[in-house]
Structures are given as C-alpha cells and as structure tokens.
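# Structural description and commentary
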Amino acid sequence: MWSKRRRVSAGVGAGLALAVLVVLLAPLFVSGDRFKPQFEATASKVLGMPVKIGGRVGLAVFPRPSITIADGAILTATGDTVAWAKRTAVGLSLWPLLRREIRFADVGIDAHVARITHGSAL
C-alpha cells in the first residue's frame, strides 16, 4: 500500500510530466501563421513603418522559446522595400515570458538586404 506522501508525489510528478508534454507538443498543433497579422501590426507600430511577412511564422518551445519569420520585409509608405530578410529568428527569455512579458534573448537574421537612401524621406 502506498503511503499518502508517495501518492501525492506521484500525482505531482504525473501532473508535471503532462504539463511538459503539452508545452513540447503545442507548437506541432498551433500554427504560428495564425498570429501573422498580429506580428505584422505590432512590428509596424514599433518601427513606425509597414512590415510585411511573406512566408511562414514558426513557433518553438524547445530548446528555448523562439519565433521564426520567413521572408520578412520593412516597407516605406509607398511600398518600396527598405529591408528584407529571408529568415529572422527571435529567441525569447523564458522567465519574463511566464509573467506574460516579451524579452528578446537574441535575434538572428539570414540572407538580409538593406537599402539606405541619402537625403530622401522614407
């Protein structure tokens, strides 16, 4: 017969294992593309310029929370491309994320292009 302490420990352990399993498997069932309009709107507001995501948005939890954006572009008000990246990966800090705050741990950009013009208003 199990003692009360062993039953409580087993229940807590099973609950933690289930929580870890849900966190690891959630990105397989939740598409980051669902949040694409929100990412575009937020980035546009922060940068003060239109942002367009042409590719997929990926979410990952393991080994660390991150967001990957394919084919992202920053545009001028007239629609000209100022900066473009084939792939942008943003790593998020875990503890602030648990408090519903977003803090970037790092940002990686692959195959990027930036166009800077002198003396013209964007």
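Right, let's walk through the structure included here. All values derive from a computational prediction rather than experimental measurement.

How each quantity is defined
- Residues numbered from 1 in each chain as written.
- Predicted model: local features only at pLDDT ≥ 70, side-chain atom pairs only at ≥ 80, totals over all residues.
- Heavy atoms only, no water.
- Helix = DSSP H or I, 4+ residues; strand = E, 2+ residues; numbered from the N terminus.
- Buried < 20%, exposed > 50% of the residue type's maximum accessible area, 1.4 Å probe, protein only.
- Lys, Arg positive; Asp, Glu negative; His and termini not counted.
- Salt bridge = Lys/Arg side-chain N within 4 Å of Asp/Glu carboxyl O.
- Contact = heavy atoms within 4.5 Å.
- Polar contact = N/O pair within 3.5 Å; in protein donor to acceptor, adjacent residues only side chain to side chain.

This brings us to the side chain of lysine 36. Its place among the elements puts lysine 36 in helix H2 (residues 36–47). Buried and without a salt bridge, lysine 36 has aspartate 33 as its closest oppositely charged side chain, separated by 4.3 Å. Those residues in contact with lysine 36 that lie beyond four places of it in its chain are Ile53, Gly54, Gly55 and Val57.

Okay, unusual backbone geometry next. Even without glycine at this site, aspartate 71 takes up a positive phi of about 60°. With respect to the element layout, aspartate 71 can be found in strand E3 (residues 66–75). The class for aspartate 71 is partly exposed, based on a relative accessible area of 33%.

With that settled, the discussion passes to the environment of aspartate 71. For the pair aspartate 71 and histidine 112, spaced 41 residues apart in sequence, the C-alpha to C-alpha distance is 9.6 Å. With residues up to four places along the chain from it excluded, the contact list for aspartate 71 reads Lys52, Ile53, Gly54, Gly55, Trp84, Ala85 and Lys86. A distance of 2.4 Å separates a polar atom in the side chain of aspartate 71 from a polar atom in the side chain of tryptophan 84.

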